[in-house]
Amino acid sequence: MSEPLGISRADVAHLAGLARIDLSDAELDHLATELPSILEYVAAVQQAVGDDVEAMSHPVPVNNVFREDVVRPSLTQDEALAMAPASDQGRFGVPKILGEE
Amino acid sequence: MTETLVPFDEAIERYDPVMGLEIHIELNTATKMFCGCPTEFGAEPNTQTCPVCLALPGALPVVNAKAVESAIRMGLALNCEIAEWCRFARKNYFYPDMPKNFQTSQYDEPIAFDGFVEVEVDGETYRIEIERAHMEEDTGKSLHVGGSTGRIHGADYSLVDYNRAGIPLIEIVTRTIEVPADKAPAVARAYVSYVRDLIGGLGVSDVRMDQGSLRADVNLSLKPKGSDTLGTRSETKNVNSFRSVERAVRYEVSRHAGILDEGGKVVQETRHFHEDTGTTSSGREKSDADDYRYFPEPDLAPVSPSREWVEELRETLPEPPAVRRARLQADWGFSDLDMRDTIGAGALDLIVATVEAGTTPQAAKKWWLGEMARRANETGSDLDALGITPTQVAEIQALIDSGRINDKLARSVFDGVIAGEGTPEEVIVGRSLEVVSDDGALGAAVDRAIEGDPDAAQKIRDGNLGVAGALIGAVMKEMRGQADAGRVRELILEKLT
Amino acid sequence: MSTRLSANEMAQALAGRELSSAELTTSHLDRIAAVDGALHAFLHVDAEGALATAADIDARRAKGEKLHALAGVPIAVKDIVATIGLPTTCGSAILDGWIPPYDATITQRIKAAGLPILGKTNMDEFAMGSSTEHSAYGPTFNPWDTTRSPGGSGGGSAAAVAAFEAPLAIGTDTGGSIRQPGALTGTVGVKPTYGGVSRYGLVALASSLDQAGPVTRSVLDAALLHELIGGHDPCDSTSIDEAVPAVVAAARKADVKGLKVGIITELGGEGFQPGVRARFDEAVALLTGAGAEVVEVSLPSLEHALAAYYLVMPSEASSNLARFDAMRYGVRVPPAGADDPSAEQVMASSRDAGFGDEVKRRIILGTYALSSGYYDAYYGSAQKVRTLIASDFAAAFAKVDVLVSPTSPTTAFELGAKLDDPLSMYLQDVATIPANLVGIPGLSLPIGLADEDGLPVGLQFLAPQKADDRLYNAGAALERLLEEKWGGQLLAQAPELEAAR
């Protein structure tokens, strides 16, 4: 029933890219051998449910939890930047950003 | 890379453009979408942030009620259905100006959907279908330091200000728009202009394209005439004025046609529009990496607006634009053509405000569609970005009506106000523009004119008043236009009849 | 030996001026200094801050100020809870040295009530684990046998309370991280109803599963702490806007006469250690003897609970942990050998360097489960399984007031025993996970020692959402029956730890 659970080393590398983790070769090898058995285990959920079952995103249902549009104190600039690895001119310093603006 | 551009008129002989427009509107709520930080523009960097909008570990979002209210009102104004129940979702991707590395947005459950608006271009009405309007949040702003160009490529490092991160946005997405090819650029512009007026009328946003509180993205693809095959689309961002919307459509049509004519393939990518050149340049290529892994946001409760609330909000909507236009046209006594020109120029609300400030509709139209439209055209800006307000136009017209200046001097007053020389009053003083209505000075000039043209004077004495114009002209010439023409005429007639 | 008192007894001694908070806090700091070298329950001890709070409470008490019942009773806080001025690392290298500029709501409530915060307790990195071995700062050791794990992720809080380093501690429970360490260390741990305790300021593992709760040595102490930290918080959109159930009154009532108790068929058979099953059966017999009506109920969909959990949890975690990118906070580690790296590269290298293996494993798994083309099959199906499990529970609670099962299939295991086998580690939580999936409350309490290894065994009560008081009534009743049998607390049987020189 279930689709083949092959998850290749290349798949793991792709996922690591999506998750922004620069996995080492050894880590890729390790995960590529380990993940299939975990996936095989969790894939059982596909057989457990039919289309008529509703998905649960919130275990205790509540709707319409809102906040009034009233300003609350922000952090000071110093507090905001206190834990930054780098900062300059009141801003967070980050390495050059590639890609779109 | 050089691009072959096919002139627009030629391109549309072979291809039909298929457009989609996305408009992001920044709401003018006092606080951000999910936290109580203020939203004021122009604050010192990182002074309007908190654990929530900086995505500090452990912080949790809470939805701003006013933002939901604004979203529902916008949805209703766009003739949308309002969801009975909808959720926020996380759009997962990494970017340094997005603190959580996911954007809290709405995915398959937008708050508003299935709407439409009708826009008019050259007397034709086009129906634009609205697929959805959904709530989301803005990102921070990066400043790029170093590098040769100062632009993002080649920057040595970036500095990020998160004051804007988390400001509520509403994204309005159209279904594909297919209109006669030659009308496509104008329809796109008219749509954005229409939405600006509509949302502005709701009072939920500043809708300033120049300040980024209204941002338009133009998605465009071409299909060969007579074909049903959709082409690959480009997504042009950074389109920051109505005029640019039109130009971006024209440019992309030309560019796509150039690629297709040569048998090439359009790349699916983000493109940036450049105001200065009217061209677009390649941004980021769309790829498999655009896997946003949407899932319902577990940290936020679903939004389920009661039908009573929705109906209450419907009651707060201003008159629908079509009804309003019909009413204004009747009130003002404008012809259909007048009205079309007014709307086409984006001058409707400007004329409304000018009339409210005391000017007659005809005079307001004359200035906005004449003098102001000419200047906007020359500088490539929108009418409302010229640097002169409806109140100022009304003040200048009042000065004309009172006889202190005339139409000719008024043009100089407009120049002064736009140049930042102060209020109309200050400009008149600064430029010494006041008309002369002092009988002493005018009387002497009238005497000289009578002496200079005895034939005309005699004809007037004989009852041929039509000749008075010649003498008035002579006086005006001598006074360098700064004479009160009405008073001059009176003086001539007093002296000769 | 003031550290041996229950929190309730300490509170009474403080109120009766038999003891000052300064003395009590000092005793606990001394105890930490003596035994934590052997346990490593704490990542950070804040002697100065704790003593300052204690002095303040003593002064206010001397002035006759009306104080919270627990004012002056020290507490340990899991390192996943944001505390202004105190490091909050979540057991991760990526947050090494991070000091929050804000307090979690529960931290605010603890401070407002005047409980001296002794320090921050060790945990599996970002609460991912069942042994506390996945802490970047080294494991915590079980006070019953320091070659064994105290369970996890909240092994630090459980060990601290079991070893009398603190009378009270805060834990968080995403799939059993309060209850399973409770079982493995002979302590009491409660996961309240989802939304019963604010999550604001708890570093999120899985948003729809996480819940903070008390870690204590008695059911009444747990109720007192639950009442303190529970209740509505406008900063948490999923917080329940209702009064906290009357948990303290329930713990004092402690009467199971006529209570309908259901034994969960699916939890307690195969895979459960004989000593665990034996103690469980005896405990159930005690309940029957005290007048409870015990029946067996089946919840067939529990078969899929663990699989669903290992999809939902990593999926939400992969997104929740995206913010740890070393741009605004956290340890920035540029890639080796890259000249002038981009932000993208620095994010990826920092996340590789800053996250441990288990965290990376779960992020990759979660990324997979959410990725396009797999969402419906994995994440979507798992969320549907939650609905099935919820209806099974609803049917069960239509028949019984509370459900019971062993908390954990085994007693404390040897350190390192499960590290190389993620699935066997995951199975540790098979009995605790269902409550998280459907948001119901659960309480674990010690019910004796397994014959085969002499280590503590825990029993778990489960109740419907918002009926947390039922747990405390039943738990306190069973606790009293057991302590009558034992002639005192189970922890009195724990070996005395060798004090550090």
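Residues numbered from 1 in each chain as written. Chains lettered and ligands numbered in written order. Predicted model: local features only at pLDDT ≥ 70, side-chain atom pairs only at ≥ 80, totals over all residues.

1. Let's talk about the overall build of chain C
When its secondary structure is counted, chain C shows 16 helices and 11 strands. The globule rule puts the C-alpha radius of gyration for 501 residues at 23 Å, and the 21 Å found for chain C is close to it. In chain C, which comprises 501 residues, the proportion classed as buried is 67%. Long-range contacts, defined here as pairs at least 24 residues apart, represent 76% of the contacts in chain C between residues at least 6 apart. (Helix = DSSP H or I, 4+ residues; strand = E, 2+ residues; numbered from the N terminus. Rg over C-alpha atoms; globule rule 2.2 N^0.38 Å. Buried ≥ 20, exposed ≤ 12 C-beta atoms within 10 Å, placed from the backbone. Contact = placed C-beta atoms within 7 Å.)

2. Concerning the overall build of chain A
Check the secondary structure of chain A and you find four helices and three strands. Traced from its N-terminal end to its C-terminal end, chain A shows the element sequence α-α-α-β-α-β-β. The C-alpha atoms of chain A give a radius of gyration of 22 Å, which is well past the 13 Å a tight globule of 101 residues would have. By its C-alpha atoms, chain A is 55 × 45 × 25 Å across when sized along the principal axes. Counting all 101 residues of chain A, 36% fall into the buried class.

3. Here we look at the packing of helix H13 (residues 439-452) of chain B against helix H15 (residues 468-478) of chain B
Residues and elements named next belong to chain B. It is at 9 Å that the axes of H13 and H15 come closest, and there the two elements cross at 125°. In terms of orientation, H13 lies oblique with respect to H15. Helix-helix and strand crossings are classified by hand; for H13 and H15 the assignment is right-handed. Contacts between H13 and H15 pair Ala445, Val446, Ala449, Ile450 and Gly452 from the former with Leu471, Ala474, Val475 and Glu478 from the latter. Here the residues of the contact of H13 with H15 are counted per class, giving seven nonpolar, one polar and one charged. (Axes fitted to C-alpha atoms, helices over the stretch in contact; angles between N-to-C directions. Parallel < 35°, antiparallel > 145°, perpendicular 65-115°, else oblique. Left-handed = near helix turned anticlockwise from the far one by under 90°. Nonpolar A, V, L, I, M, F, W, Y, C, P; charged D, E, K, R; others polar.)

4. Looking at the environment of C:Met425
Residues and elements named next belong to chain C. Tracing the backbone through its elements, the reader meets Met425 in helix H14 (residues 422-426). By C-beta crowding, Met425 is classed as buried, having 22 other C-beta atoms within 10 Å. When the C-alpha positions of Met425 and Gly129 are compared, they lie 7.6 Å apart, and in sequence the two are 296 residues distant. If near-sequence neighbours (up to four positions away) are discounted, Met425 is found in contact with Ser130, Ser131 and Lys418.

5. As for the interface of chain B and chain C
Listed as interface residues are 25 residues of chain B and, on the opposing side, 33 residues of chain C. When the residues that make up the side of chain B that touches chain C are grouped by side-chain class, the tally is 16 nonpolar, four polar and five charged.

6. Here's the deal with the sheet that holds strand E8 (residues 141-145) of chain B
Taken in spatial order, the four strands line up as E2(A)-E3(A)-E9(B)-E8(B) in an open sheet, and their pairing is antiparallel. Each edge of the open sheet carries a strand with a single partner, namely strand E2 (87-88) of chain A together with E8 of chain B. (Pairing = 2+ DSSP bridges.)

7. Observations concerning helix H5 (residues 155-162) of chain C
Residues spaced three or four apart along an α-helix face the same direction, because each turn holds 3.6 residues. Residues and elements named next belong to chain C. Most of H5 sits out of view: eight of its eight residues are buried. Of all the residues in H5, the buried ones are Gly155, Gly156, Ser157, Ala158, Ala159, Ala160, Val161 and Ala162. Positive backbone phi, approximately 60°, marks Phe164, located one or two places after H5.

8. Topic: the interface of chain A and chain C
The interface of chain A with chain C comprises 45 residues on the first partner and 60 residues on the second. Where the side of chain A that touches chain C is concerned, the elements lending two or more residues are helix H1 (9-18), helix H2 (25-42), helix H3 (45-48) and strand E3 (91-95) of chain A. Of the residues forming the side of chain A that touches chain C, the biggest block, eight residues, is contributed by H2(A). A per-class count over the side of chain A that touches chain C returns 33 nonpolar, four polar and eight charged.

9. Notes on the pairing of strand E5 (residues 188-191) of chain C
Looking along a regular strand, one sees side chains alternate from face to face of the sheet. Residues and elements named next belong to chain C. By the alternation rule, side chains of E5 split into Val188 and Val190 and Gly189 and Lys191, which are all buried. By the bridge criterion, two bridges tie E5 to strand E6 (residues 212-216) in an arrangement that is antiparallel. Each residue of the ladder has a partner; that of Val188, found in E6, is Thr216. Direction of pairing for E5 relative to strand E10 (residues 442-449): antiparallel, over a ladder of three bridges. Along E10, the bridge assignment pairs Lys191 with Gly442.

10. A closer look at the nonpolar core
Counting residues in hydrophobic clusters, the biggest one holds 285 residues, and the most contacted among them are C:Ile75 and C:Leu311. For this core, the element with the highest residue contribution is helix H10 (residues 305-320) of chain C, accounting for 10 residues. With residues near it in sequence (within four places) discarded, C:Leu311 still touches A:Val42, A:Val45, C:Ala369, C:Tyr378, C:Tyr379 and C:Ala382. One finds B:Ile405, B:Ala449, B:Val475 and B:Leu491 within the second-largest nonpolar core, a separate group that totals 44 residues. (Core = buried A, V, L, I, M, F, W, Y, C linked by C-beta atoms within 7 Å.)

11. A look at the sheet that holds strand E4 (residues 89-92) of chain B
Residue and element names in this part refer to chain B. Taken together, the three strands give an open sheet; going across it, the order is E5-E4-E15, and neighbouring strands pair in antiparallel fashion. Looking at which strands have only one partner, the edges of the open sheet turn out to be strand E5 (102-105) and strand E15 (295-296). Bridge count for E4 against E5 is four bridges, and the pairing is antiparallel. Its bridge partner being in E5, Arg90 is matched across the sheet by Thr104.

12. Overview of the packing of H10(C) against helix H12 (residues 357-370) of chain C
Residues and elements named next belong to chain C. Running from amino to carboxyl end, H10 crosses H12 at an angle of 100°, the nearest separation of the two axes being 7 Å. Overall, the two elements H10 and H12 adopt an arrangement that is roughly perpendicular. Facing Leu311, Pro314, Ser315, Ala317 and Ser318 of H10, the residues of H12 in contact are Arg362, Ile363, Leu365, Gly366, Thr367, Ala369 and Leu370. Residue composition of the contact of H10 with H12, grouped by class: seven nonpolar, four polar and one charged.

13. A closer look at the environment of B:Lys477
Residue and element names in this part refer to chain B. Considering the arrangement of structural elements, one finds Lys477 in helix H15. What makes Lys477 exposed here is the crowd of 12 C-beta atoms within 10 Å. Distance from Lys477 to Pro110, taken between C-alpha atoms, is 67 Å for residues 367 residues apart in sequence.

14. Some words on the confidence of the model for chain C
On average, chain C scores 96 in pLDDT, and the residues at 70 or more come to 99%. As a predicted assembly, this complex carries a pTM of 0.87 together with an ipTM value of 0.97. (pLDDT = per-residue confidence, 0-100.)

15. Section: the environment of C:Ser153
Residues and elements named next belong to chain C. Its location among the elements puts Ser153 in the loop between strand E3 (117-121) and H5. By the C-beta count within 10 Å, which is 34 here, Ser153 ends up buried. C-alpha of Ser153 to C-alpha of Met123: the two residues are 30 residues apart in sequence and 5.1 Å apart in space. Ser153 has contacts with Met123, Asp124, Ala127, Met128, Gly129, Thr132 and Ser177, leaving out every residue within four places of it along the chain.

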